[in-house]
Amino acid sequence: MHDILSMIGNLHDTNKEEAARQALGQAKFHFTQIKDWSGYETQLHTFLRSKNVQRFFDCEDAQVFTEKEIINRLGHVKRCDRLVVREREAWIIDFKSTKDTQGRYAEQVQEYKEIMRDIYPTRTVKGFLMYLDNFEVEEV
C-alpha cells in the first residue's frame, strides 16, 4: 500500500479512479511476485474514500510531493512520505501500517517538522501519522 500511495499526487480536479488505477498498475511492475491484487485494490479505494484521509489527497491550492527527500542540519537525508504545501501551512504525512506504542513514529515526524520549519519558516508546519490498517490520522 505504501508504494501505491507514493504514486498518487494531488487528486484535486483529477479523475480519482483513474489515478488509483494507474498507481496500482505501476505497483504491479514493482512487485511482480504478487499475483492477486484484488485486496490492495479494495483497500486503496476504501482508503481514498475515507473522510479521514481525503483532505491529504484532494488538496486545492496546494503543491503535493511524494517521497520527498529533505536534509537535516547534519546533512542526513530523510524522506517523508507525503508533503502538502499551502500558502500558510506545510503538512508532513507519514504512512504507517499500524500504531506504534513506543512513540518512535511520532519522534520521526517531529524530526521532519523541525527540518520543514527551517525550509518553510513563514508557514505553520504540521505533522500527521496515517495508519493504513484502520485509516486513522493522528496529528503529531
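Fair warning: this is a prediction, and the values are worked out from it, not measured in the lab.

1. Observations concerning the sheet that holds strand β4 (residues 124-131)
Ordered in space as β1-β2-β3-β4-β5, the 5 strands form an open sheet in which the pairing is mixed. Sheet topology places β1 (63-71) and β5 (137-139) at the edges, where each strand pairs with a single neighbour. Taking the axes of each pair of neighbouring strands and ignoring which way they run, one obtains an average angle of 35° across the sheet.

2. Quick notes on the packing of aromatic side chains
Using the criterion set out here, one finds 7 aromatic pairs in the structure. Their ring planes at 20° and their centres at 6.3 Å tell us that F57 and F95 sit as a pair that is stacked. With a gap of 38 residues between them, F57 in helix α4 (residues 51-57) and F95 in strand β3 (residues 89-96) connect regions that are remote in the sequence. A single burial state applies to F57 and to F95, both of which are buried. Site record: aromatic cluster; members linked through ring pairs are F47, F57, F95 and F135. A cation over a ring is seen here: R82 above F57, with NZ or CZ 3.9 Å from the ring centre.

3. Concerning the state of the cysteines
Considering all chains together, one arrives at 0 disulfides under this definition. In this structure C59 is not part of a disulfide, and its nearest cysteine sulfur, from C80, lies 13 Å away. Accessibility expressed as a relative area gives 0% for C80, which makes it buried.

4. What to know about the side chain of H45
Mapped onto the fold, H45 is located in helix α3 (residues 38-49). For H45, a relative accessible area of 15% gives the class buried. Excluding residues that lie within four positions of it along the chain, H45 makes contacts with E17 and A20.

5. Some words on the pattern of salt bridges
For the coordinates displayed, the defined rule picks out 10 salt bridges. Between R79 and E69 there is a salt bridge, with the nearest N and O atoms lying 2.5 Å from each other. Here R79, found in strand β2 (residues 77-85), pairs with E69, found in strand β1; they are 10 residues apart in sequence, far enough to count as distant. On the basis of relative accessible area, R79 is assigned to the partly exposed category, the value being 40%.

Reading the values: rules and limits
Residues numbered from 1 in each chain as written. Predicted model: local features only at pLDDT ≥ 70, side-chain atom pairs only at ≥ 80, totals over all residues. Heavy atoms only, no water. Pairing = 2+ DSSP bridges. Helix = DSSP H or I, 4+ residues; strand = E, 2+ residues; numbered from the N terminus. Axes fitted to C-alpha atoms, helices over the stretch in contact; angles between N-to-C directions. Phe/Tyr/Trp six-rings, centres within 6.5 Å; stacked < 30°, edge-to-face > 60°. Buried < 20%, exposed > 50% of the residue type's maximum accessible area, 1.4 Å probe, protein only. Lys NZ or Arg CZ within 6 Å of the ring centre and 35° of its normal. Disulfide = S-S within 2.5 Å. Contact = heavy atoms within 4.5 Å. Salt bridge = Lys/Arg side-chain N within 4 Å of Asp/Glu carboxyl O.

Structural measurements only, silent on function.
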